[in-house]
There are 2 protein chains.
Amino acid sequence: MAKEISKAVIQRLPRYYRYLGEMMSEGVERVSSQEFSERMNVTASQIRQDLNQFGGFGQQGYGYNVKKLYDEIALILGLDSRHSMIIIGAGNLGQALANYTNFERRGFEIKAMFDKNEELHHQKVRGIEILPMEELESFVRANQIEIAALTLPKAGADAIAGKLVSYGIRGIWNFAHTDLDLAAGVVVENVHLSESLMQLSYRMKNELD
Amino acid sequence: MAKEISKAVIQRLPRYYRYLGEMMSEGVERVSSQEFSERMNVTASQIRQDLNQFGGFGQQGYGYNVKKLYDEIALILGLDSRHSMIIIGAGNLGQALANYTNFERRGFEIKAMFDKNEELHHQKVRGIEILPMEELESFVRANQIEIAALTLPKAGADAIAGKLVSYGIRGIWNFAHTDLDLAAGVVVENVHLSESLMQLSYRMKNELD
């Protein structure tokens, strides 16, 4: 079923998921598309259209069941299963990721960090140990790690990514300022911070008088 | 002219810009859409279509002048002028941003960081001083700061953002896990890391066998 959902909707699903989670923590059990629309600042018809793509739990005169919709979106996004993750690069950005408890609540468990800097070895960030690069292969294989976050400089990123794939990693969350050149069978999701800042700059130039 | 360019193209421009910058540093003076396409792993016709939207410097049998195209994209993205920026929240993520020299090379100058944690006050990260929140207003006004990066927890983000706008900030680069509710006249660009990780999870579930 999930395969039929359009890419644009998929990109909006995490935001729906976040708002539904907030409603649940406020004790809201159901929400009309109108109320939902006011919270999220999108049109009610966009919400109906988006959510209809995967079965539409909205009912005339009732609205959406918050918990059911939340669970359904979790299923579509693959958040129903746990994912084991490591972080390569234990600098500020790597440590910032290690400190986010949000990821764990979504099912992403950070099992270790790796860095070539000896001074960092065996230090812990929120209980997550920083290990030497020499232990990367055995650790990934022994712990069936699925996802690696790359928070290291561009220069080393391609070589490391290639190795990770050969060790069995299936998803790379890439913060290095480069596009990785990898074989099929692995998914790369990029977070290119400079590019986001350029979008901000463009919009300031064009949207503000 | 910039106003006519489609949003999808604008989102791709920073990536073109990055590749053109790499070519310049390799000494490449011109590039055919075919070569460009191989480097960037998109079709040559997409490149021609995209770049034609703002005048198209490509010439039959010559290709694109790398430097000219690079400068033109910089102009469109607003990178031709300097932007003064501050970071609110001097935790790991804020410090990671302060450590990126890339932003400066694109014209974004980080003038100070702010944090309520007294232990951090007057420490420096790559020469950038961490100041108390009490100095925020006077600093923003005195230094004509245009952009604020918010790397602080969700709870305080909305209140700070509202104040920043009243002090004259025109662009907010928001890393807090919430959508800011702000009046018109300010641009917000969000980096929601959890949402990016959920996209990765979705794609692993759906794109891999």
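In this numbering scheme, every chain counts its residues from 1 along its sequence in written order. All chains are assigned letters beginning with A, and all ligands numbers beginning with 1, in the order in which they are written. Only residues with pLDDT of at least 70 are given local features in this predicted model, and only at 80 or more are side-chain atom pairs given and counted; all residues enter the totals for whole chains, interfaces and linings. Excluded from the side-chain calculations are hydrogens and water; all other atoms, namely the structure's heavy atoms, are used.

**A closer look at the nonpolar core**
Note the following rule: Nonpolar cores are built from buried Ala, Val, Leu, Ile, Met, Phe, Trp, Tyr and Cys residues. Side-chain atoms within 4.5 Å join them into one set. Burial classes: relative accessible area under 20% of the type maximum marks a residue as buried, over 50% as exposed, and values in between as partly exposed (1.4 Å probe, protein chains only). Contacts between residues were defined by any pair of non-hydrogen atoms, one from each residue, lying within 4.5 Å.
Grouped together as the largest cluster of nonpolar side chains are 104 residues, with contacts concentrated most on F36 and W173 of chain A together with F36 and W173 of chain B. With near-sequence residues (within four places) excluded, W173 of chain A lies in contact with M85, L97, F103, A148, A149, L150, E189 and V191 of chain A together with L193, S196, L197 and L200 of chain B.

**Concerning the domain arrangement of chain A**
For clarity, the cut-off: For the purposes of this description, domain bounds are those given by an automatic or database domain assignment.
Along its sequence, chain A is carved into domain 1 (2-76) and domain 2 (83-195). Taking only C-alpha atoms into account, the centre of domain 1 of chain A sits 31 Å from that of domain 2 of chain A.

**Quick word on a negative patch on the surface**
Spelled out, the test is: Each patch groups residues whose relative accessible area exceeds 30% and which form no salt bridge, using 9 Å between like charges and 5 Å between nonpolar side chains of Val, Leu, Ile, Met, Phe, Trp and Tyr. The protein chains shown are the only cover counted for residues, whose accessible areas, like all others here, come from Shrake-Rupley with a 1.4 Å probe. Whenever a carboxyl oxygen of Asp or Glu lies within 4 Å of a side-chain nitrogen of Lys or Arg, that contact is scored as a salt bridge. Residues counted as positive are Lys and Arg, residues counted as negative are Asp and Glu, and His and the chain ends are not counted. Lys charges are placed at NZ, Arg charges at CZ, Asp charges at CG and Glu charges at CD. Strands are runs of DSSP state E lasting at least 2 residues, helices are runs of H or I lasting at least 4, and numbering of each runs from the N terminus.
On the surface, E118, E119, E134 and E135 of chain A cluster together into a negatively charged patch. Tracing the sequence through the fold places E135 of chain A in the loop between β6 (128-132) and α7 (136-142).

**Observations concerning helix α5 (residues 92-99) of chain B**
An α-helix turns once every 3.6 residues. As a result, residues three or four positions apart point the same way. Summarising burial for α5 of chain B: six of the eight residues are buried, a large majority. If you check which residues of α5 of chain B are buried, you get L93, G94, Q95, A96, L97 and A98 of chain B.

**What about the interface of chain A and chain B?**
What counts, and what does not: Here the quantity called buried area is the total loss of accessible area, with a 1.4 Å probe, experienced by two parts when brought into contact, counted for both. Here a polar contact means two N or O atoms within 3.5 Å. Within protein one must be a hydrogen donor candidate and the other an acceptor candidate, and residues neighboring in sequence count only if both atoms are side-chain atoms. The classification used treats Ala, Val, Leu, Ile, Met, Phe, Trp, Tyr, Cys and Pro as nonpolar, Asp, Glu, Lys and Arg as charged, and all other residues, Gly among them, as polar.
With 63 residues of chain A in contact, the opposing surface of chain B contributes 64 residues. Taken as a group, L197, M198 and Y202 of chain A account for 12% of the area that chain A buries against chain B, more than any other trio of residues on that side. In this assembly, chain A and chain B are joined by 12 salt bridges. The salt bridge involving D179 of chain B is made with R18 of chain A; its shortest N-O contact spans 3.2 Å. Applying the counting rule to chain A against chain B returns 30 residue pairs in polar contact (both at pLDDT 80 or more). Looking at the side of chain A that touches chain B, the elements that each hand over two or more residues are α1 (7-25), α4 (66-76), β3 (83-88), α5 (92-99), α6 (102-105), β8 (171-174), β9 (187-190) and α9 (193-207) of chain A. Split by residue class, the side of chain A that touches chain B holds 31 nonpolar, 17 polar and 15 charged.

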